Amino acid sequence: MIALREQAPGKVNLCLFLGPTRPDRRHELVTVFQPLTLADDVSLTPAPLGAGADEVLCPGVEGENLAAVALRAFRARTGWAGAPVRLTIDKRIPVAAGMAGGSADAGAALRLAARAAGIDDDALLLDIAEGLGADVPAQVRPGRALATGAGETLAPLGAPPAYGVAILPSHERLSTADVFREADRLGLARDAEGLAERLAAVRATAGDLPGELLLNDLQPAATSLCPAIADALEVVRAAGARHALVCGSGPTVAGLFDDPTGARVAVAMLSDRDPRPVAVTPWEARS
């Protein structure tokens, strides 16, 4: 097997509306996933001689990696009995930051395993991905999409304009489960009628969201757990962002700019922050 490589883009939720809890204890959501050019590099190579199982190398990530879970699930579902492989992840997406970095790596792992196994079946990969987590299906074939259900029901949206995004990472880490629990404690969820209204409004825009829909219902919960988020939001607004919001469950903050130059200028203005911000663009708009 030759080395196979994929990029795994992080994402920002351009909107995230939180609805009622389902019987499986997940919340109903309405969200627009936008992958970004901030991406991990993922490669698949033969495992070292004598290896008895697949292995995942991902410096900076402790514990079992979701990409390893994805490989196991792929083998179990497809019966692929190829020789053990090594998955190597060069992390660029912040960890536990609300940008779906783990889900992106899992999606890339499924794509790589399918290529190695000679399987061309996106429906199968999506079905496997749904069992791995709510953000993983959107990462099987990254692209701007409207997600409903708990995030697993996807409707592709057209390519976005080439706007700019300033990403403000944080040294803090937030567990998605903790943020959802805090959202429940704060009573942030909309009722079914309210969520349906938001879905209709998002669909009417075909994903080209006006400012009043660029909202994240999890933002107050994330800020409650990590008060430094409030400062990051103000800082990126002061640097010229037209809109600022928390990425997913946080604590990363994204500032949205009319063009890539605006984001680059803002990042230069904020270069003394630690961690240092980064300017990116929507994944589809990359050159």
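Residues numbered from 1 in each chain as written. Predicted model: local features only at pLDDT ≥ 70, side-chain atom pairs only at ≥ 80, totals over all residues. Heavy atoms only, no water.

Participant: Requested: an account of the overall build of the chain, with residues and values cited.
Facilitator: The secondary structure content of the chain amounts to eight helices and 10 strands. Relative to the compact-globule value of 19 Å for 287 residues, the chain shows a C-alpha radius of gyration of 19 Å, a close match. Taken along its principal axes, the extent of the C-alpha atoms in the chain is 55 × 45 × 35 Å. Counting only residues that meet the buried cut, the chain has 49% of its 287 residues in that class. Within the chain, counting contacts between residues at least 6 apart in sequence, those at least 24 apart form 75% of the total. (Helix = DSSP H or I, 4+ residues; strand = E, 2+ residues; numbered from the N terminus. Rg over C-alpha atoms; globule rule 2.2 N^0.38 Å. Buried < 20%, exposed > 50% of the residue type's maximum accessible area, 1.4 Å probe, protein only. Contact = heavy atoms within 4.5 Å.)

Participant: With reference to specific residues and values, describe the pattern of salt bridges.
Facilitator: According to the stated counting rule, one finds 19 salt bridges in the structure shown. A salt bridge links Asp 105 to Lys 91; the shortest N-O distance between them is 3.2 Å. With Asp 105 in helix α2 (residues 101–117) and Lys 91 in the loop between β4 (85–90) and α2, this residue pair connects regions lying 14 residues apart in the sequence. Where Asp 231 meets Arg 273, a salt bridge forms, and the shortest distance between an N and an O atom there is 3.7 Å. Highlighted residues: Asp 231 in helix α7 (residues 228–238) and Arg 273 in the loop between α8 (260–269) and β10 (278–280), separated in sequence by 42 residues. In this structure, a network of salt bridges that share partners links the residues Glu 6, Arg 111 and Arg 115. (Salt bridge = Lys/Arg side-chain N within 4 Å of Asp/Glu carboxyl O.)

Participant: Can you break down the layout of surface pockets residue by residue, with the values?
Facilitator: Its volume calculated, the largest pocket comes out at about 1,200 Å³. Along its surface, the largest pocket is lined by 43 residues, and Asp 135, Ser 175, Thr 176, Ala 177 and Ser 249 are the ones closest to its centre. At five residues, the largest contribution of residues to the lining of the largest pocket is made by helix α4 (residues 176–186). Considering only enclosed or pocket space, the second largest pocket measures out at about 270 Å³ in volume. Around the second largest pocket, the lining is made up of 14 residues, and of these Tyr 163, Asp 208, Leu 209, Leu 214 and Leu 256 lie nearest the centre. Grouping the constituent residues of the lining of the second largest pocket by class yields eight nonpolar, two polar and four charged. (1 Å grid on protein atoms, 1.4 Å probe; cavity = no way out; pocket = protein on both sides within 12 Å on 5 of 7 lines; lining within 4 Å. Points joined across faces, edges and corners; volume = space filled by probe spheres on them. Nonpolar A, V, L, I, M, F, W, Y, C, P; charged D, E, K, R; others polar.)

Participant: Kindly report on the nonpolar core, identifying the contributing residues and their values.
Facilitator: Membership of the largest hydrophobic core comes to 53 residues, with the highest contact counts inside it found for Leu 87, Leu 110 and Val 202. A total of eight residues in this core trace back to one element, the largest contributor, which is α2. Filtering out sequence-adjacent residues up to four positions away, Val 202 remains in contact with Cys 15, Phe 17, Val 30, Val 32, Leu 146, Gly 207, Leu 209 and Leu 213. (Core = buried A, V, L, I, M, F, W, Y, C linked by side-chain atoms within 4.5 Å.)

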